[in-house]
Amino acid sequence: MGDELKSVDDVLREHIPPEKLREVQRVLYGSSFSKLSLPAEAVKLAEERKFELAGYGTQAGREQLRPARVVRVGAVQNKIILPTSAPVAEQMAALHGRIAEIVEVAAMCGVNIICFQETWTMPFAFCTREKQPWCEFSESAEDGPTITFCQELAKKYNMVIISPILERDAAHGDILANTAVVISNSGTVLGKSRKNHIPRVGDFNESTYYIEGNTGHRVFQTQFGKIAINICYGRHHPLNWMMYGINGAEIVFNPSATVGALSEPMWPIEARNAAIANSYFAVAINRVGTESFESEFTSGDGKKAHHDFGHFYGSSYLAAPDGSRTPGLSRVDDGLLVTEVDLNLCRQVKDKWCFRMTARLDMYAESLAYAIQDGYQPPVVKET
Ligand SMILES: NC(=O)NCCC(=O)O
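Quantities reported herein were computed from a predicted structural model and do not represent experimental measurements. (Residues numbered from 1 in each chain as written. Predicted model: local features only at pLDDT ≥ 70, side-chain atom pairs only at ≥ 80, totals over all residues.)

1. Some details on the overall build of the protein chain
Of regular secondary structure, the protein chain possesses 10 helices and 15 strands. Taking 2.2 N^0.38 as the reference for a compact globule, 384 residues should give roughly 21 Å; the C-alpha atoms of the protein chain span a radius of gyration of 21 Å, in line with that estimate. For the protein chain, long-range pairs separated by at least 24 residues make up 70% of all intrachain contacts whose partners lie at least 6 apart in sequence. (Helix = DSSP H or I, 4+ residues; strand = E, 2+ residues; numbered from the N terminus. Rg over C-alpha atoms; globule rule 2.2 N^0.38 Å. Contact = placed C-beta atoms within 7 Å.)

Written out as structure tokens, the structure is:
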């Protein structure tokens, strides 16, 4: 962990000559994000509480008929607090405490909608394939302790909260799901969205614990815009991203837990590409830190058994429909990214690029319906 690179953006800032840096950043990130000035008390509190606080803003063009729809979006990445061998209730309570500290600062920064990382109330223990005590971290998505905790925060700070948890669905035979719960700024549970695509790669043994979600591509109408959640591995599936856009999402959150050796080259591309392809804002949020487990586990690759998953590299960022993006949060530290966006940009980009108008959905619907049939023959043209 001590050897981990802290931030790619810091390296660029340190090593690119100042007169070239702006142009390099424009080429890499697009031109529209500028630094957002955040309240001094919030900056101080974040420093005291030892997490990075970064703020960026992007604007849309002024329209004659629609007022600007300016929203502040918060993305949180954090390490676990206690060792994974600590009692379940203590681990969870420590994480609740940490999130309460970060959300208070988010409120001072005027955040309207905030999202936490995937299964934020627990270590990402699915690598172990041990059922207990990890299944004990599950809770009701309607009235579990984390949901009640988030409802209080949502009401107190007038903030929409997206809380990704390990869900226990008692009404349906106690099944488990990987679920994001959306809590309105009134404190009401607006609903839930389950992870559609469950990984079968590396140590991500999540299919041992829960099955593919059955909530489709729900979009939640909030006071601050229409939002949706594409959980972690779903970001590798362009059709998953697309369906949230088709259903009208203006911001799609991607709460994740992923490690550097596996996915880091894909990370800056996928959510950003989704924002471009679907004319919405996409918010990629990754866990941070290295989590160690008491029992060793193997990765089925002939290598020795080990105690940890590898390093969760954070690097959370927001991408806009015009292709621009914010710099990423740190690869090693807890952080809160605050981004001010104008949701009018979604339609403005649709008018400019016409991706939806040129999407030919009818053609793909027909081709896909044929491709999944038993007698399907790929239309490969060969020389005779
Ligand atoms: N949590 C999760 O789905 N991780 C899978 C690995 C990845 O998508 O990078």
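From this point, the narrative continues.
2. Points about the site of the ligand
Around the ligand lies a shell formed by Glu118, Pro199, Val201, Phe204, Cys232, Tyr233, Ser256, Ala257, Thr258, Leu262 and Ser263. Of the residues that constitute the shell around the ligand, the class distribution is 7 nonpolar, 3 polar and 1 charged. (Near = placed C-beta within 6 Å. Nonpolar A, V, L, I, M, F, W, Y, C, P; charged D, E, K, R; others polar.)

3. Considerations on helix α9 (residues 344-353)
Among the residues of α9, those classed as buried are Leu345, Cys346 and Val349. Here the buried residues of α9 occupy an arc of 105° about the axis, which is enough to place them on one side. On its buried face, α9 is in contact with β15 (335-342). (Buried ≥ 20, exposed ≤ 12 C-beta atoms within 10 Å, placed from the backbone. Arc of directions from axis to C-beta.)

4. Some points on unusual backbone geometry
Put simply, Gln132 and Pro133 share a cis peptide bond, and its omega is 5°. Inspection of the secondary structure assignment puts Pro133 in the loop between β4 (113-115) and α5 (145-157). Positive phi values are uncommon outside glycine, yet Cys232 reaches one of about 25°. Locating Cys232 in the fold gives a position in the loop between β9 (225-229) and α6 (238-246). For Arg360, which is not glycine, the phi dihedral falls at a positive 55°. Mapped onto the fold, Arg360 is located in the loop between α9 and α10 (361-371). On the neighbour-count criterion, Arg360 (10 C-beta atoms within 10 Å) is exposed.

5. Let's talk about the environment of Leu166
On the secondary structure map, Leu166 appears in strand β5 (residues 160-169). Those residues within four positions of Leu166 in sequence are excluded, and the remaining contacts are Thr119, Met122, Phe137, Ser138, Leu176 and Asn178.

6. A few points about the sheet that holds strand β7 (residues 189-194)
With mixed pairing, the 8 strands of this open sheet are ordered in space as β1-β2-β15-β3-β4-β5-β6-β7. If you trace the sheet from one side to the other, it starts and ends with β1 (34-35) and β7, each paired once. (Pairing = 2+ DSSP bridges.)

7. Examining the environment of Thr258
Structurally, Thr258 is set in the loop between β10 (251-256) and α7 (260-263). The spatial distance from the C-alpha of Thr258 to the C-alpha of Phe309 is 9.3 Å, given a sequence separation of 51 residues. The residues touching Thr258, leaving out its near neighbours within four places in the chain, are Cys232, Ser263, Asn286 and Phe312.

8. Looking at α6
Turning to α6, its buried residues number three or more, namely Asn240, Trp241, Tyr244 and Gly245. One face of α6 carries all of its buried residues, which in axial projection span an arc of 140°. Immediately downstream of α6, the backbone of Gly248 shows phi near 100°, a positive value.

9. Observations concerning the packing of α6 against helix α8 (residues 267-278)
Where α6 meets α8, the closest approach of the two axes is 10 Å, and the angle between their N-to-C directions is 45°. Considering their axes alone, α6 and α8 lie oblique with respect to each other. Like other packed secondary-structure pairs, α6 and α8 cross with a definite hand, here right-handed. Here Pro238, Trp241, Met242 and Gly245 of α6 come into contact with α8, specifically with Ala274, Ala277 and Asn278. Here the residues of the contact of α6 with α8 are counted per class, giving 5 nonpolar, 2 polar and no charged. (Axes fitted to C-alpha atoms, helices over the stretch in contact; angles between N-to-C directions. Parallel < 35°, antiparallel > 145°, perpendicular 65-115°, else oblique. Left-handed = near helix turned anticlockwise from the far one by under 90°.)

10. Concerning the nonpolar core
Counting residues in each nonpolar core, the largest one holds 102 residues, and the members touching the most others are Ile114, Val252, Phe281, Ala282, Val283 and Leu336. Residue contributions to this core peak at 8 residues, all from helix α4 (residues 88-108). Ignoring any residue separated from it by four or fewer positions in sequence, one finds Ala282 in contact with Val252, Asn254, Ala271, Arg272, Ala274, Ala275 and Ala319. (Core = buried A, V, L, I, M, F, W, Y, C linked by C-beta atoms within 7 Å.)

11. What to know about the confidence of the model for the protein chain
Note: predicted coordinates in regions of low pLDDT should not be interpreted at a detailed level. On average, residues of the protein chain score 97 in pLDDT, and 99% of them are at 70 or above. Confidence estimates for the predicted assembly give a pTM of 0.98 and an ipTM of 0.99. (pLDDT = per-residue confidence, 0-100.)

12. Here's the deal with the pairing of β7
For a regular strand, the rule is simple: side chains alternate between the two faces of the sheet. Both strand β6 (residues 175-183) and β7 contribute to a ladder of 5 bridges, which runs antiparallel. From the neighbouring strand, Thr179 faces β7, where its bridge partner is Arg194. Hairpin geometry of β6 and β7 is characterised by an intervening segment of 5 residues between the two adjacent antiparallel strands and by a positive phi of about 95° at Gly187.

13. A word on the sheet that holds strand β8 (residues 220-222)
The 5 strands lie next to each other as β8-β9-β10-β11-β14, forming an open sheet whose pairing is mixed. Across the chains shown, the open sheet's two edge strands, defined by having one partner strand only, are β8 and β14 (317-319). Strand-to-strand twist of the sheet, defined as the mean angle between neighbouring strand axes without regard to direction, takes the value 25°. Of the pairings in the sheet, the one linking strand β11 (residues 281-286) to β14 comprises 3 bridges and is antiparallel in character. Across the sheet, residue Ala284 finds its bridge partner in β14, namely Tyr317.

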